[in-house]
Amino acid sequence: MNTIPSRYNPKDTEDKWYALWQGRGLFRACPDKSKKPFSIVIPPPNVTGILHMGHALNNAIQDILIRYHRMKGHESLWMPGTDHAGIATQNVVEKAMAKEGLRRNDLGREKFIERVWQWKEQYGSAIIKQLKKLGASCDWQRVRFTMDAEYSKAVVEVFVRLFEKGLIYQGSYIINWCPRCQTALSDEEAPHHELQGNLYYLKYPYKSDPSKFVVVATTRPETMLGDTAVAVNPKDKRYKKAIGETLVLPLVNREIPIIADEMIDMKFGTGAVKVTPAHDPNDYLMGKKHRLEFVNVMSPNGKMNEQAGDYNGMDRFEARQVILEDLKEQGLLEKTEPHPLSAGHCYRCHTIIEPYLSKQWFVKMKPLAKPAIEAVKKGKIKFYPKRWTKVYLGWMENIQDWCISRQIWWGHRIPVYYCRKCLDSGNSQISNAKSQINSKLQNTKQAQGVIVSRAKPDKCPKCGSADIYQDEDVLDTWFSSWLWPFATFYWPPEAQSPELRARTEADLKYFYPTSTLVTAPEIIFFWVARMIMAGLEFMQEVPFKDVYIHGTVRDVEGKKMSKSLGNIIDPLEIIDEYGADALRFSLISITSQGQDVYLSKERFEQGRNFANKIWNASRLILMNLDPGQARADLCVFFKKEPLGVVNRWILSRFYSTLKEVQRGFSEYRFNEAANLLYSFFWHEFCDWYLEVIKADIRNTHNQVVMYKVLEKFLRALHPFMPFITEEIWHLLPGATDSIMCQSWPHIQEQVIDKKLEKEAESLFSVVTQIRNLRAQIGIALDKKVVVSVYPHTASKKKLVEEYASLVVNMAKLEALHSLSRNKRPARAISSVAEDVDIYLHSEGIVDADQEKEKLTLKIQELHKLKQAKEARLKNHDFMERAPAGVVEKEKAGLDELSGTLTRLEKMSKELT
RNA sequence: GGGCAUUUAGCUCAGUUGGUUAGAGCGCUACACUCACAUUGUAGAGGCCAGAGGUUCAAGUCCUCUAAUGCCCACCA
């Protein structure tokens, strides 16, 4: 077996095994009534995406869960796929086209979409290849895309159903408008960020006396062109007389009234507010309430429009400056104060959002939210960590209607059709802003000429005209991804071809609801909450039972990793340098439940080193393994053979560890599970077990135990480090099949023996103490020394004598004597282990003072502890109120401490 | 303005229902490469658990307040 290299090289193994797994269909999952299902749907990455550390963490966790449950005997499905990511993808393709000097309008809608599809075919699978590098065991035959024809049927179905239920409506409101992407956005897509802006105080002259003014404060002076009133609080004494007066809007010369509204905060600014109903959500409400005029002064591209008079064509921020200058010139800019404000930003291009009046489609959310709130409150869905429940509920309980129409081309076209004839003849076509606002939204449903349909109608059902055209807008990307947990299973079955339906309907029944959703906190509102609503609305069942929210991956300074900051650690680079196993293990071992991860490249050394350690321990075992001996049945063997303390110890430790690992899994404490396996293997199996048995490695007991522990350990570790465990699995004698097909080791309770564990560890501590003594006087390891011990109990004496050779080997001794009299030998340095006094015979001169000082320090330290324990045991309240077990423990601790102290004191006294 | 999280060794972090002398990885110090592994081994140093109160027989852990940092939410013109 010396053909095994001494360093593990992931490059030799990872791609090889992945190809084999996939080739053999080991990731496939099919309904199997004899098994319990376990299913996860992947949070579909954007087709534009490339794998970053966040994905690596997210998918490593999912793969660990899937592999674990697969080995636990569940029919485990990991559903993969990608998201068409409307705005993001359109932006990317437009950017690529810009290099050729092309704009989307040059191509036209159809050609442009064709081009996006081409782009998707060419680059869209990049992230899937990268997931495979990571080891992701998705059922790739099922890979879905939110724009797939079958998936689109679900989107249309849902739109139509919600519309028919009256939960979708069209209307004109102030929405978040991105002037760069030129589309509406939902509130979630326009996160607020702090900006350092100014508060400008503008003077609006009275019509009756232009030398007098009302001063208003604003952060967006360019919107003043659209002002149609000034509002004050009716309780505000300063303006009591002014209410009802008329002002002349500067630069525009529009006459605007001073109105009274309770909404106005008297303490802010001057207490007088300019009202721009077409450009601010609050002003919009006031506009409606006071029947003001809605003047839209901006074009969709963020430039001022013809309503802006002289400022027509200027960019909104340019106009701001020019308007301020003009006002200043006229003496109408009273002052400018720095003022921090927060403004919405486009989550795709980070452009500052313009609150903008426009006609959009909305989903009424309150009725959908109600059951979704219930489901979580009743515990049908559980969040891990728990605190996200509150975040979820908080949002759900204050949910706003969802703007779902987008003015882009890449996406699901809204299934609404218009009959030109009906629209022309009727008055349902909404032409000006004012009537838009007043039009009752529910009317959309009955509106003449508006047809909502699963397929494009040939002719108008009302008038029979064939002059029908579809709504230009597409749906929000999230309007398709919220269906992911069931639409990926070809929901609705009735809408699919009979053949497809026959093939897939059982899958939906078997795998839905899914088991666990693994995701990041950023998309709780975007996605998680909406999936819960969709699942309950369309499947009458929650989409998943557990939601595990992991942390955000950050750099060492706590900054989010982003391309623009240049602080990215590329997972593929790490895989290339350290291996996918190392990447996975390192990430998991530092990710405690839901905490953010601060990452530097060096962290991955831990995983790499661990892989190498496993590799070399396996190498030792394989080089010394007699396959004939080793493969005995452990259970039978264990019962029959007197295995000895060390073998029994490692078996007990293994199963103790396994038990805790399993608990880690069930509580979503992956770091704990990973670290338990790590420290068991390294610090118990390698540092002690293998070192101890090395001397007698051909012994049958040792053969069986080392082989079994290795073999079972590999299976337990496989979910975390799939590649190296598979590689070594195949080096084991008689290994058939893939490790993926093995079961996760069953916990053998009868092997766990805590008392025995303690006994063995007390033996090891004798070794440690001797090593310690050697180090104290600097005796090199190759120099053999003689040690005498005096065990204070008969059982310890028996143990030490029986395992004398273990101590001799591990502490590199010439000889170990067991003293028959409790008397300090001459010329020795001393130490104590549990119930054992230890004397290392020194050939040189023992510095008695130094030795005495060392012992004295130790005595003082233990004395303090002893006092603390005595005090506790003397405490009446403690004795009365502490549980018996704790008191017992304290007593035992005190006894031991007293014993040790007496022994140390004797040692010290005998020193002359 | 509201909420959440974090604060434990030089660094990055574990520490579950309160219960012996608070742990890990990295880094550091000393020693050790013919030995499965120097991506290693052995031994060691290093902690008023952010601060102040409180509850309790017992607090890193529970409660209150304070401070710093980060994140999320909110119609702060």
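Everything in this summary refers to the structure shown in the same document. By convention here, each chain's residues receive numbers from 1 onward along its written sequence. The lettering of chains begins at A and the numbering of ligands begins at 1, in the order of writing. The model is predicted, so local features are restricted to residues of pLDDT at least 70 and side-chain atom pairs to those at 80 or more, both for listing and for counting; the totals for chains, interfaces and linings are taken over all residues. Only hydrogens and water are set aside when side-chain values are computed; all heavy atoms of the structure are taken into account.

Here we take up the protein's contact with RNA strand B. When at least one non-hydrogen atom of a residue lies within 4 Å of a molecule or strand, that residue is treated as near it. Inspection of the region around RNA strand B gives 55 residues, with R7, V273, N282, W682 and R881 positioned closest. Within 4 Å of the protein, the contacting atoms of RNA strand B are 57% sugar and phosphate, with bases supplying the remainder. Within the side chain of R771, a nitrogen or oxygen atom sits 3.4 Å from a sugar or linking oxygen of RNA strand B. Polar contacts, as counted here, are pairs of nitrogen or oxygen atoms within 3.5 Å of one another; within protein the pair requires one atom able to donate a hydrogen and one able to accept it, and residues that are adjacent in sequence qualify only if both atoms are side-chain atoms. Here a phosphate oxygen of RNA strand B and a side-chain polar atom of N772 are 3.0 Å apart. For the purposes of this entry, the term helix denotes a DSSP run of H or I that reaches at least four residues, the term strand denotes a run of E that reaches at least two, and both are numbered from the N terminus. Considering each element in turn, the surface near RNA strand B owes the most residues, eleven residues, to helix α21 (residues 603–623). Residues are grouped as follows: Ala, Val, Leu, Ile, Met, Phe, Trp, Tyr, Cys and Pro are nonpolar; Asp, Glu, Lys and Arg are charged; all remaining types, including Gly, are polar. Classifying every residue of the surface near RNA strand B gives 20 nonpolar, 15 polar and 20 charged.

Take the buried residues of types Ala, Val, Leu, Ile, Met, Phe, Trp, Tyr and Cys, join any two whose side-chain atoms come within 4.5 Å, and each joined set is a nonpolar core. Only protein chains enter the area calculation, which uses a 1.4 Å probe; residues under 20% of their type maximum are buried, those over 50% are exposed, and those in between are partly exposed. With 207 residues, the main nonpolar core has M53, F159, F479, L483 and F720 as its most contacted residues. In terms of residue count, helix α25 (residues 670–693) provides more of this core than any other element does, 16 residues in total. Aside from chain neighbours lying at most four places away, what touches F479 is V155, V158, F159, L162, I168, V363, W402 and I404. Of all hydrophobic cores here, the second largest spans 37 residues; its members include Y169, M224, L225 and M298. Here, two residues are considered to be in contact whenever any of their heavy atoms come within 4.5 Å of each other.

Let's shift gears to the side chain of R142. Along the chain, the position of R142 falls in the loop between α6 (126–134) and β4 (144–145). Here R142 falls in the buried class, since its relative accessible area comes to 12%. When residues no more than four places from it in sequence are discounted, the contact partners of R142 are R28, A29, C30, L77, M79, P80, F489, D507 and F511.

Time to look at the sheet that holds strand β7 (residues 192–205). Strands belonging to one sheet form pairs held by backbone hydrogen bonds; the direction of such a pair is parallel or antiparallel. Taking strand neighbours across the sheet as the criterion, the three strands line up as β8-β7-β13 in an open arrangement whose pairing is antiparallel. Looking along the sheet, the strands with just one partner apiece sit at the ends: β8 (213–218) and β13 (333–344). Adjacent strand axes in the sheet meet at a mean angle of 20°, parallel and antiparallel pairs treated alike. Seen against the sheet, helix α9 (residues 316–329) touches β7 and β13 and runs at an angle of roughly 30° to β7. Two strands are said to pair when DSSP picks up at least two bridges between them. Fitting a line to C-alpha atoms yields each axis, with helices limited to the stretch in contact; the angle taken between N-to-C directions then spans 0 to 180 degrees.

With that settled, consider the packing of aromatic side chains. Between rings of Phe, Tyr and Trp, where Trp is taken as its six-membered ring, a pair exists when centres lie within 6.5 Å; planes separated by under 30 degrees are stacked, by over 60 edge-to-face, and by other angles tilted. The final tally for this structure, using the stated rule, is 58 aromatic pairs. Ring geometry for W21 versus F723: centroids 5.2 Å apart, planes at 25°, classification stacked. Here the residue W21 occupies a position in helix α1 (residues 14–23), and F723 occupies one in helix α27 (residues 722–731), the gap between them amounting to 702 residues. Take F723: its relative accessible area is 0%, and that puts it in the buried class. On the basis of an interplanar angle of 45° and a centroid distance of 5.3 Å, the ring pair of F383 and Y392 is categorised as tilted. For the pair F383 and Y392, a shared accessibility class is recorded, and that class is buried. Over the ring of W21 we find R67, and its NZ or CZ is 4.5 Å from the ring centre. By definition, being over a ring means that NZ of Lys or CZ of Arg is both within 6 Å of the ring centre and within 35 degrees of the ring normal.

Our next topic: the side chain of Q470. Along the chain, Q470 falls in strand β20 (residues 468–470). For Q470, a relative accessible area of 17% gives the class buried. At 2.8 Å, the side chain of Q470 and the backbone oxygen of I414 are in polar contact. In this structure Q470 touches R413, I414, P415, V416, Y417 and Y418, once residues within four positions along its chain are discounted.

A few words now on the pattern of salt bridges. Between Lys or Arg on one side and Asp or Glu on the other, a salt bridge is scored when a side-chain nitrogen of the former is within 4 Å of a carboxyl oxygen of the latter. One pass over the structure, following the stated rule, counts 54 salt bridges. The partner of D63 in a salt bridge is R584, with the nearest N and O atoms 2.7 Å apart. Placement of the pair is D63 in helix α2 (residues 53–71) and R584 in helix α20 (residues 580–589), with a sequence separation of 521 residues. Like R584, D63 is buried. Residue R161 is joined to E157 by a salt bridge in which the shortest nitrogen-to-oxygen separation is 2.8 Å. Note that R161 and E157 are positioned in helix α7 (residues 149–164) at a spacing of four residues, about one turn of the helix. Residue class for E157 comes out buried when judged on its relative accessible area of 11%. Each of the salt bridges in this network shares a partner with another, and the network as a whole consists of R28, D139, R142 and D507.

Taken N-terminus to C-terminus, the directions of helix α3 (residues 86–98) and helix α5 (residues 109–123) make an angle of 95°; their axes are 10 Å apart at the nearest point. Comparing the axis directions of α3 and α5 gives the class roughly perpendicular. Contacts from T89, Q90, V92, V93, E94 and M97 of α3 reach α5 at F112, R115, V116 and W119. The class makeup of the residues in the contact of α3 with α5 is six nonpolar, two polar and two charged. Roughly parallel refers to an angle under 35 degrees, roughly antiparallel to one over 145, roughly perpendicular to one between 65 and 115, and oblique to any angle outside these ranges.

What follows is about α2. Multiplying 1.5 Å by the helix residue count minus one yields the expected span of that helix. With 19 residues, α2 should reach 27 Å at 1.5 Å per residue; the first-to-last C-alpha distance of 26 Å fits that figure. Summarising burial for α2: 18 of the 19 residues are buried, a large majority. G73 sits one or two residues past α2 and shows a positive phi near 95°.

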